[in-house]
Amino acid sequence: MNLSDYYAITPLVFLVCWAIFLLLVDLWIPAGRKGITALLSAAGLLIALVLVLRSGEQVLTAFEGSVVVDGFSVFLSVLFLVSALAGIALAHDYLQRLGLERGEYYPLLLISTSGMMLMTYAYDLIEVFLALELLSIPLYILAGFSRLNLESEEASLKYFLLGAFSSGFVLYGVGLVFAATGYTDFPGIAKAAQNGSLNPTLFLIGAGLVLTGFGFKSALVPFHMWSPDVYQGAPSPVTAFMSVGAKAAGFAALLRVFVVVFPGMSVNLTPLLWALAALTMFVGNIVALVQSNIKRLLAYSSIAHSGYLLMAFVPYGNASVRSDAIAGMLFYLAAYCLTTFGAWAVVIALEKAEGKGLELEDYAGLGHRYPFLAATMTIFLLSFTGVPLTLGFWGKFYLFSTAVEGGFWQLALIGLLTSLISAYYYLRVVVIMYMRPGTPQVQRNFWPLLTSGVGALAVVILGIAPGVLLNLAVSALLKGL
Amino acid sequence: MLNEYYPLVVISMIAIALGFFVVLLGSILGPRRPTQHKGQPYESGMIPYGPGTRRISVRYYLVAVLFILFDIEVVFFLPWAVAFRKLGVSGFILMVIFAVILEIAFVYAWKKGALEWE
């Protein structure tokens, strides 16, 4: 261990130190002025963003090969840092309004973000597990942040129990992989898999358990049962951050682990992944049809989006499609991030204390009273559906074309059909906003409005010119590919 | 490889079956004369009072959490102290960083009033 190791992970070290510093500083910031903590944490995230971008294209390995910094990790780190910034922008006014203003929100968010970043750096299964815990534990607390609200407590406890359960799966899988190969670092396992010097049964079971664990984290059907309750009960900014960050981190780990470590197992895993993807798309979209609460609707829609993402992952064993699949998934994650935060910003603008203002009926008349909010929400919902000229269309386009390229056109067909189904419940919200009379009550705070405005602008501009983002995603190379 | 475990499986199955069998035998053959004293949780100990699921003050949990804070500190300090010379200056610096982080947690708890009992 020497200083160059720390040089490679400067952003991470900085973010953790900053979070600890904030925890201490916040003690002396009087209640009611927690905006200072919010600003300080946003400043810390911006500095971390600069530090991440500084490392640029170079590939660094550190800590005896257990940590790797490459284009892939830089792309996702930027995504996580932007998510955290959005999480802060959405949170401050919301927490004040609902009487939840406590400074711990911001350090916890920062620590969770650092866990997500570590997940993208991890090049060793133990490191993956460490990152998983580092990102999850603050999220368990954040889910119960509205602690006098029973629903929030339920969300926190449920998330904690199922999270611990899924961590157990991951750890057991890691243990079995170690038992089968004798290594926990990715190159070691990959080499053992190539030489065939391993116990194939244990190895396969281990890979399956790791997949199950991350399936819980990314809310894939049939491991999705926790997510609607948790998404509904947790405070909305936390839900937004969780649905983007935790999901992207789960997929980052899946990509890194399966592409680098288990490429040879694709023959055995492909049918499993196929079924998971198809099931996730179907169940997520069909159950979303009957939801009347906007938070639950977005939760099921988020499950459905996990299904689309997993679809591109199915042909990961096919070397000629692999890089397209990774680029497509990164592109989709970025699109999903922008769209989701925008949509949640609108939800937060309408949400009132005690879980009021969250029914779809509460959106009636929004189109006439608040044309800006309704217009941005419409853009986000169209992007979720995948209507052309939005970012979501290109995201789905790349995912579907990857699946077809990999020879899984049936899966692409399922994706297309379920997207059509999803149009019904997304457009229903649009219809309610514009066609039904009503007097929606909106809190017009600057930061959420800014978030939804920037999100809508990005979704439209990048939807017209997706090349910029696609180039970034394509050049985000994975080490060892 | 798994064959080696075969006797173990047989033995555990016999043990489990035997356990059930003995309990079953006792409940079939044994006489049953319940008295008040036999029904108590501790036949010859303190006389229990109150329900078993009393509420416990949340402060105890705070104490428990603070205890874990220092417990972990000790758990890490002991092996470090044993290997102090080997780890040298870098080990010392890392340990100081570790201790500082823990102390920050302690300051946080203190300032939040975790040590005030009234």
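Residues numbered from 1 in each chain as written. Chains lettered and ligands numbered in written order. Predicted model: local features only at pLDDT ≥ 70, side-chain atom pairs only at ≥ 80, totals over all residues.

## Here's the deal with the overall build of chain A
In terms of helices and strands, chain A carries 20 helices and two strands. Scaling as 2.2 N^0.38, a compact globule of 481 residues should have a C-alpha radius of gyration of about 23 Å, and chain A matches this with 21 Å. Overall, the C-alpha framework of chain A stretches about 70 × 55 × 40 Å when taken along its three principal axes. Scored against the burial criterion, the 481 residues of chain A give a buried share of 57%. Considering only contacts in chain A between residues 6 or more positions apart, those separated by 24 or more positions represent 80%. (Helix = DSSP H or I, 4+ residues; strand = E, 2+ residues; numbered from the N terminus. Rg over C-alpha atoms; globule rule 2.2 N^0.38 Å. Buried ≥ 20, exposed ≤ 12 C-beta atoms within 10 Å, placed from the backbone. Contact = placed C-beta atoms within 7 Å.)

## Overview of the overall build of chain B
A count of helices and strands for chain B gives three helices and zero strands. Put simply, chain B runs from its N terminus to its C terminus through helices and strands in the order α-α-α. Relative to the compact-globule value of 13 Å for 118 residues, chain B shows a C-alpha radius of gyration of 27 Å, a clear excess of over 25%. Residues classed as buried in chain B amount to 0% of the 118 residues present.

## Describing the interface of chain A and chain B
Residue-level contacts link four residues of chain A with five residues of chain B. Split by residue class, the side of chain A that touches chain B holds four nonpolar, no polar and no charged. (Nonpolar A, V, L, I, M, F, W, Y, C, P; charged D, E, K, R; others polar.)

## Re the environment of Ser475 of chain A
For Ser475 of chain A, the location among the structural elements is in helix H20 (residues 467–475). Residues Ser475 of chain A and Ser422 of chain A, 53 residues apart in the sequence, show an inter-C-alpha distance of 31 Å.

## A look at unusual backbone geometry
Residues and elements named next belong to chain A. With omega at 5°, the peptide bond leading from Val221 into Pro222 counts as cis. Assignment of secondary structure puts Pro222 in the loop between helix H9 (200–217) and helix H10 (226–233). For Leu389, which is not glycine, the phi dihedral falls at a positive 75°. Here Leu389 is to be found in the loop between helix H16 (371–385) and helix H17 (391–405). Residue Leu389 is classed as partly exposed on the basis of its 13 C-beta neighbours within 10 Å.

## What to know about the confidence of the model for chain B
Residues and elements named next belong to chain B. Averaged over all residues, the pLDDT of chain B equals 85, while 95% of them reach at least 70. Mean pLDDT across the secondary structure elements of chain B bottoms out at helix H2 (residues 58–82), with 87, and peaks at helix H1 (residues 6–29), with 93. If you check the scores for this complex, the pTM reads 0.89 and the ipTM reads 0.81. (pLDDT = per-residue confidence, 0-100.)

## Side note on the confidence of the model for chain A
On average, chain A scores 90 in pLDDT, and the residues at 70 or more come to 99%. Helix H5 (residues 105–121) of chain A holds the highest mean pLDDT among the elements of chain A, 95, whereas helix H1 (residues 3–8) of chain A holds the lowest, 83.

## Thoughts on the nonpolar core
Residue and element names in this part refer to chain A. Formed by 178 residues in total, the largest nonpolar core has its most connected members in Met119, Phe313, Met329, Leu330, Tyr332 and Leu333. For this core, the leading source of residues is helix H14 (residues 319–350), giving 23 residues. Ignoring anything within four residues of it in the chain, the contact list for Phe313 reads Leu254, Leu273, Ala325 and Met329. (Core = buried A, V, L, I, M, F, W, Y, C linked by C-beta atoms within 7 Å.)

## A look at the packing of helix H3 (residues 35–55) of chain A against helix H4 (residues 71–97) of chain A
A pair of packed helices is captured by two measures, namely the crossing angle of their axes and the spacing between those axes. Residues and elements named next belong to chain A. Between H3 and H4, the shortest axis-to-axis distance is 10 Å and the interhelical angle comes to 170°. When the axes of H3 and H4 are compared, the pair comes out roughly antiparallel. For H3 against H4, the interelement crossing comes out left-handed. Of the residues in H4, those touching H3 at Gly35, Ala38, Ser41, Ala42, Leu45, Ala48, Leu49, Val52 and Ser55 are Val74, Ser77, Val78, Leu81, Ala84, Leu85, Ile88 and His92. Across the contact of H3 with H4, the residue classes break down as twelve nonpolar, five polar and no charged. (Axes fitted to C-alpha atoms, helices over the stretch in contact; angles between N-to-C directions. Parallel < 35°, antiparallel > 145°, perpendicular 65-115°, else oblique. Left-handed = near helix turned anticlockwise from the far one by under 90°.)

## A word on the packing of H14 of chain A against H17 of chain A
Residues and elements named next belong to chain A. In the contact formed by H14 and H17, the axes pass within 9 Å of each other and the chain directions differ by 155°. When the axes of H14 and H17 are compared, the pair comes out roughly antiparallel. By crossing handedness, the relation of H14 to H17 is classed as left-handed. Touching Val321, Asp324, Ala325, Gly328, Phe331, Tyr332, Ala335, Tyr336, Leu338 and Thr339 of H14 are Leu391, Gly392, Gly395, Tyr398, Leu399, Thr402 and Glu405, all from H17. Here the contact of H14 with H17 is composed, by residue class, of ten nonpolar, five polar and two charged.

## Here's the deal with the environment of Ile286 of chain A
Topologically, Ile286 of chain A is positioned in helix H12 (residues 266–288). Distance in space between the C-alpha atoms of Ile286 of chain A and Ile36 of chain A is 43 Å, their sequence separation being 250 residues.

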